[in-house]
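Structural description and commentary
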Amino acid sequence: MFQWITLPALLVVVLITAAAIRRRRLNSRAGAAWLLLWVAAAVSVAFPDILVVVARFLGIGRGADLILYFSILFMFAGFFLVYLRFRRIDDQLTRIVRHLAIRDGEEKRGGKAAP
Amino acid sequence: MREISGGVYVVVPAYDEETAVYEVVRSLRTAFQNVVVVDDGSRDGTAVQAARAGAVVLRHIVNRGQGAALQTGIDYSLRRGAGVVVTFDADGQHRVEDISRMLDALEREGSDVVIGSRFLGPRSDVPPLRRGLLRLAARLTGLTTGVRLTDAHNGLRAFRREAAGKIRLTLDGMAHASELVDEIHRHGLKVTEVPVVIHYSEYSLRKGQSSLAAFRIAFDYLMKRLFR
């Protein structure tokens, strides 16, 4: 039953991702990474035994635990990347605000040369 | 006061300081011609009061934090040809007469940067928890940079033009004070501390940082040290 809900949903997500790549909302590298993730998810839903084999190989008992551990790992890495990007945008915003403040200040005084 | 070529520019970062900034600018203007208030996206009448008191007002259209405001004021002052840039808080906690002793020290010691210290000389009435935090911060930044200061986060500072041009404050919040020590170290600037008196009024304590903000400051500072 689980497969019958999840697999069509994943198919929809794949189509959305493909559309985003075609419209250049995603660059092809990031798009490929997302597609890979969805396909991997679909495969492990369709053939859960594969997961169990991989989990055993890594010394983890159950396939579900494997997914759980990796998800947490990826989430933290994701948070961190978002944090870095956030800081960069913050920095860019400050530079814009500063530029405007100085420009307006100099316009009021007329010219930028020392008095 | 003796002549400094290019003149002294006093930069006052201000956020929602409409009740205090007028008096602060007025008292600064009695001694200095160039007072630059950076209104950091205030929601009150800070800009109006500062201009009425005779300051040049630069406006951040959105709030970016004190470090960002200082850097804006410094950039502007340098573009106007400032010979010395002084930073001064908007809440009335600093004394104008301390500036002239800082300018003296710039000249006498041949320093690039002079920083005020509330822990040297005549006693400022520093609340005990605040005292502990400030001394700890000074000790820690001293350990990592080798720049020994007694007071880590004092808003009253004076920079020679060349030094002000080298320093880049990228931490927009309050951690810029520790970042400044890094910058002094990185550029090998000569720094002197001069005793100044901090006036802790009920107003400045309410307006100022909560001591809990120390955690945020430490976090911002560490993240920069780790990832840059």
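Cut-offs used in this document
Residues numbered from 1 in each chain as written. Chains lettered and ligands numbered in written order. Predicted model: local features only at pLDDT ≥ 70, side-chain atom pairs only at ≥ 80, totals over all residues. Helix = DSSP H or I, 4+ residues; strand = E, 2+ residues; numbered from the N terminus. Rg over C-alpha atoms; globule rule 2.2 N^0.38 Å. Buried ≥ 20, exposed ≤ 12 C-beta atoms within 10 Å, placed from the backbone. Contact = placed C-beta atoms within 7 Å. Expected span 1.5 Å × (residues − 1). Arc of directions from axis to C-beta. Nonpolar A, V, L, I, M, F, W, Y, C, P; charged D, E, K, R; others polar. Core = buried A, V, L, I, M, F, W, Y, C linked by C-beta atoms within 7 Å. Pairing = 2+ DSSP bridges. Right-handed = clockwise from strand over helix to strand, strands pointing away.

This part covers the overall build of chain B. In terms of helices and strands, chain B carries 9 helices and 7 strands. Since a compact globule built from 228 residues should have a radius of gyration of about 17 Å, the 16 Å found for chain B is in line with a globular shape. Each of the three principal axes of chain B carries a C-alpha extent, and together these read 45 × 35 × 35 Å. Per-residue burial for chain B yields a buried fraction of 49% across its 228 residues. For chain B, long-range pairs separated by at least 24 residues make up 76% of all intrachain contacts whose partners lie at least 6 apart in sequence.

One full turn of an α-helix is made of 3.6 residues, so residues set three or four places apart face in the same direction. All names here are of chain B. Between its first and last C-alpha, helix 4 (residues 96-108) extends 19 Å over 13 residues, near the 18 Å set by a 1.5 Å rise per residue. Those residues of helix 4 not exposed but buried are Ile 99, Met 102 and Leu 106. Buried residues of helix 4, viewed axially, fall in a sector of 65 degrees; they line one side. Opposite its buried face, helix 4 presents the exposed residues Glu 97 and Arg 108, each directed more than 90 degrees away. For helix 4, the secondary structure elements touched by its buried residues are strand 4 (84-87), strand 5 (113-117), strand 6 (157-160) and strand 7 (191-195). Residue Gly 110 follows helix 4 closely and has a positive phi angle near 60 degrees.

Okay, the environment of Val126(B) next. Relative to the helices and strands, Val126(B) resides in the loop between strand 5 and helix 5 (128-145). Beyond its immediate stretch of four places on either side in the chain, Val126(B) contacts Arg118(B), Arg131(B) and Ile198(B).

Listed per partner, the contact involves 19 residues of chain B and 13 residues of chain A. When residues of the side of chain B that touches chain A are traced back to their parent elements, those giving at least two are strand 3 (56-60) and helix 3 (66-79) of chain B. Broken down by element, the residue count for the side of chain B that touches chain A peaks at 6 residues, all from helix 3 of chain B. Here the residues of the side of chain B that touches chain A sort into 7 nonpolar, 6 polar and 6 charged.

What follows is about the nonpolar core. Considering soluble globular proteins, one finds that nonpolar side chains tend to be buried as a cluster. Residues and elements named next belong to chain B. Core analysis: the biggest nonpolar cluster contains 68 residues, and Val 10, Val 11, Val 12, Val 25, Val 36 and Val 37 have the highest contact counts within it. Here this core gets 6 residues from one element, more than from any other, and that element is strand 1 (residues 8-14). The residues contacting Val 36, other than those within four sequence positions of it, are Tyr 9, Val 10, Val 11, Val 12, Ala 55, Val 56, Leu 58, Gly 73, Tyr 76 and Ser 77.

Once that is clear, we can look at the pairing of strand 1 of chain B. All names here are of chain B. The buried fraction of strand 1 is high, at 7 of 7 residues. What you see with strand 1 is no split at all: Val 8, Val 10, Val 12 and Ala 14 on one side and Tyr 9, Val 11 and Pro 13 on the other are buried throughout. Both strand 1 and strand 4 contribute to a ladder of 4 bridges, which runs parallel. By the bridge assignment for strand 4, Tyr 9 is matched with Val 85. As paired strands, strand 1 and strand 2 (residues 34-40) are joined by 6 bridges and run parallel to one another. Within strand 2, the residue paired with Tyr 9 across the bridge is Asn 34. The parallel pair strand 1 and strand 2, bridged by helix 1 (residues 21-29), forms a crossover whose chirality is right-handed.

Structural measurements only, silent on function.
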